[in-house]
There are 4 protein chains.
Amino acid sequence: MTIRPYTHKVQYYETDQMGIVHHSNYIRWFEEARVDCMEQLGYGCKKAADSGVDFAVLSVFCEYKSMTRFGDFVNVGLDVTSLTPTRITLKYTITDSETGELRATGETGHCCYHSIKKRPVSLKKELPELYRIFDGIKAKKEDVN
Amino acid sequence: MTIRPYTHKVQYYETDQMGIVHHSNYIRWFEEARVDCMEQLGYGCKKAADSGVDFAVLSVFCEYKSMTRFGDFVNVGLDVTSLTPTRITLKYTITDSETGELRATGETGHCCYHSIKKRPVSLKKELPELYRIFDGIKAKKEDVN
Amino acid sequence: MTIRPYTHKVQYYETDQMGIVHHSNYIRWFEEARVDCMEQLGYGCKKAADSGVDFAVLSVFCEYKSMTRFGDFVNVGLDVTSLTPTRITLKYTITDSETGELRATGETGHCCYHSIKKRPVSLKKELPELYRIFDGIKAKKEDVN
Amino acid sequence: MTIRPYTHKVQYYETDQMGIVHHSNYIRWFEEARVDCMEQLGYGCKKAADSGVDFAVLSVFCEYKSMTRFGDFVNVGLDVTSLTPTRITLKYTITDSETGELRATGETGHCCYHSIKKRPVSLKKELPELYRIFDGIKAKKEDVN
């Protein structure tokens, strides 16, 4: 299973007075890519809501490499870099969709949280098939490296 | 009862590539002023949540008169222009806090919605004292005009 | 010339604590639709920047008809309702992409502003062919009504 | 020289459908605190613009410790953790203004960029007195630890 990069079109309202995208928006693009990834894996927002399993954000990190401007298209690649039964770390690579130039890299850490049980849960127990998919993505990534 | 204007400090992330505040933020400042007004009237978010009465946004309007920039302070004045048992219309006047120059005027329309009963309700019945306060603000405003 | 509706996918970060899209985001979707419309007409952000002609926002209006939620897709239809050599008014109709249910209607007013000359200009003089296209869209709309 | 913590009032539009503040907003609060810090040091946005020296964001990091809700007030403490002639790293500590409970910690990395010369510059050369202030804050912090 390979995750296709997510494409975001840079909007005017995402720019700031420096004439470039405000840095806080990259954090939102990470979220857009996560949602898209979940849909690719068959776990779109409807199914996720039904299962009650949510991925609470524990941390975010972003390193800005070059500037993004209004009208640009960016690809957001996503990988699994760490996985335990209750936690997952995702890595993001943002590149210009046209030139491939690196714009930013980032990482988000999550715990599995059950929105009905109102407490952290084990992804491995709640959604074992999704856990296996994430584990497969992580393994594949490690093979490449 | 007079509502004191609400003061907002313009943040860097509110600017866009024209070097001015993006127009969508004024809609958010209206909301900030509404929240502040409710607190002045003794109906802050905690009390509002307890009562279950919420003001759902039915419409927004904003007319932009002059530009606002990073670092500016703006005053947002608020008035009640129309009131029925179930609906209220608020008027906003945004001015530069220092020079008094008019930046924008606007209006929002709301219905009273009960977040527990999950349906529109009569403010006059649910929170009669708040209804009377709004009616007083409206009457005072009409006296002036 | 007909403008195809613009499709927006509702993002998680656009929701608020009522579990629906925060009303300020609709104003941003209007902008997304405007940008998309300009691209359809051959006046994407690069060409617009070259010409120096910009459409400053003078006013926005939005009437909320029904709620939009995370994961929904919405279509934003755009029409020209008024056109003078220096000013244009656009009308928006937001519907659910799947069910066609009306979500919101809105309007934005703009003046043509020259970002290099730093003053309002006549669209009819600066970009006569774009003026004619807008006039055609407006006329067609009037025929329908 | 001690930097007073910056206080932010949590707005309704900052919440998401989980009923808590969306995580991307903390990145914006870091920026609010930076701006406030610069004003405390006598380098508000007007003076900064005159000098031409800007602090471009190279990286952001945030670790979320507990949830923040609409109506809360948070304090954002700021420290200098690393300083070279061209680069600075700032650390943030977000706590509930009332209870002191830790909400988040974070870090941002910056390079000094000259907005007129359009290239990275040495803060130590461009604004030596500001460099000394930052160095003093950093030293004081180290004394405490």
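What counts, and where the lines are drawn
Residues numbered from 1 in each chain as written. Chains lettered and ligands numbered in written order. Predicted model: local features only at pLDDT ≥ 70, side-chain atom pairs only at ≥ 80, totals over all residues. Heavy atoms only, no water. Helix = DSSP H or I, 4+ residues; strand = E, 2+ residues; numbered from the N terminus. Rg over C-alpha atoms; globule rule 2.2 N^0.38 Å. Buried < 20%, exposed > 50% of the residue type's maximum accessible area, 1.4 Å probe, protein only. Lys, Arg positive; Asp, Glu negative; His and termini not counted. Charge placed at Lys NZ, Arg CZ, Asp CG, Glu CD. Axes fitted to C-alpha atoms, helices over the stretch in contact; angles between N-to-C directions. Parallel < 35°, antiparallel > 145°, perpendicular 65-115°, else oblique. Contact = heavy atoms within 4.5 Å. Nonpolar A, V, L, I, M, F, W, Y, C, P; charged D, E, K, R; others polar. Phe/Tyr/Trp six-rings, centres within 6.5 Å; stacked < 30°, edge-to-face > 60°. Buried area = accessible area lost by both parts, 1.4 Å probe. Salt bridge = Lys/Arg side-chain N within 4 Å of Asp/Glu carboxyl O. 1 Å grid on protein atoms, 1.4 Å probe; cavity = no way out; pocket = protein on both sides within 12 Å on 5 of 7 lines; lining within 4 Å. Points joined across faces, edges and corners; volume = space filled by probe spheres on them. Least-squares fit on C-alpha atoms with pLDDT ≥ 70 in both.

Engineer: Looking at this structure, I do not really get the overall build of chain A. What am I missing?
Structural biologist: In terms of helices and strands, chain A carries four helices and six strands. The globule rule puts the C-alpha radius of gyration for 145 residues at 15 Å, and the 16 Å found for chain A is close to it. Over its C-alpha atoms, taken along the principal directions, chain A stretches across nearly 45 × 35 × 25 Å. Considering chain A as a whole, with its 145 residues, one finds that 56% of them fall into the buried category. Positive and negative side-chain charges of chain A, numbering 20 and 20 respectively, have mean locations separated by a distance of 6 Å.

Engineer: Honestly, the packing of helix α1 (residues 24–40) of chain B against helix α1 (residues 24–40) of chain C in this entry has me stumped. Any pointers?
Structural biologist: In helix packing, the relevant descriptors are the interaxial angle and the interaxial distance, both defined with respect to the helix axes. Orientation of α1 of chain B relative to α1 of chain C, taken along the N-to-C sense of each, is 170°, at an axis distance of 9 Å. Taken together, the axes of α1 of chain B and α1 of chain C lie roughly antiparallel to each other. Within the contact between the two elements, α1 of chain B uses S24, N25, I27 and R28 of chain B and α1 of chain C uses S24, N25, I27 and R28 of chain C. Along the lines of polarity and charge, the residues of the contact of α1 of chain B with α1 of chain C split into two nonpolar, four polar and two charged.

Engineer: Is there a simple way to think about the packing of aromatic side chains in this case?
Structural biologist: Ring pairs (aromatic) are described by centroid distance and by the angle formed between their planes. Evaluated as defined, the whole model comprises 22 aromatic pairs over all chains. Relative to F70 of chain B, the ring of Y12 of chain B lies with its centre 5.3 Å away and its plane at 90°, an arrangement referred to as edge-to-face. Residue Y12 of chain B is found in the loop between β1 (6–9) and α1, and its partner F70 of chain B is found in the loop between β2 (53–64) and β3 (73–83); the two are separated by 58 residues along the sequence. Residues Y12 of chain B and F70 of chain B agree in their burial class; the two are buried. A ring pair is formed by Y26 of chain D and W29 of chain D, whose centres lie 4.8 Å apart and whose planes are at 35°; its orientation type is tilted. In this pair, Y26 of chain D and W29 of chain D both sit in helix α1 (residues 24–40), three residues apart, roughly one turn of the helix.

Engineer: What am I meant to see in the interface of chain B and chain A here?
Structural biologist: Chain B puts nine residues into the contact, and the matching count from chain A is nine residues. The three residues of chain B that bury the most area against chain A are Y12, Q17 and H22 of chain B, which together make up 58% of that side's buried surface. Taken together, chain B and chain A are joined by zero salt bridges. In the side of chain B that touches chain A, the residues fall into four nonpolar, four polar and one charged.

Engineer: Looking at this structure, how should I read empty space enclosed by the protein?
Structural biologist: If a probe the size of a water molecule is rolled over the atoms, the empty space left behind becomes visible. What the rule picks out here adds up to four cavities of 30 Å³ or more. Put simply, the largest cavity is a space of about 100 Å³. Taken together, 13 residues make up the lining of the largest cavity; nearest its centre are R28 of chain A, R28 of chain B, Y13 and N25 of chain C together with Y13 of chain D. Partitioning the lining of the largest cavity into residue classes produces two nonpolar, six polar and five charged.

Engineer: Could you clarify how one ought to interpret unusual backbone geometry in this entry?
Structural biologist: A negative phi angle is the norm for most residues apart from glycine, just as the trans form is the norm for most peptide bonds. With a phi angle near 55°, K118 of chain C is a residue other than glycine that sits in the positive phi range. Take K118 of chain C: its relative accessible area is 61%, and that puts it in the exposed class.

Engineer: How do you make sense of the relation of the copies chain A and chain D when you look at a structure like this?
Structural biologist: One chain copy maps onto the other through a rotation about an axis and a shift parallel to that axis. Least-squares fitting of chain A to chain D yields an RMSD of 0.0 Å, with the transformation described by 0.0 Å of translation along the axis and a rotation of 180°. Classification of the inter-copy transformation places it as that of a two-fold axis. Scanning chain A for the C-alpha nearest the rotation axis identifies F61 of chain A, at a separation of 2.2 Å. Taken together, the interface assignments show that 100% of the residues at the interface of chain A recur at the interface of chain D, consistent with an identical surface on both copies.

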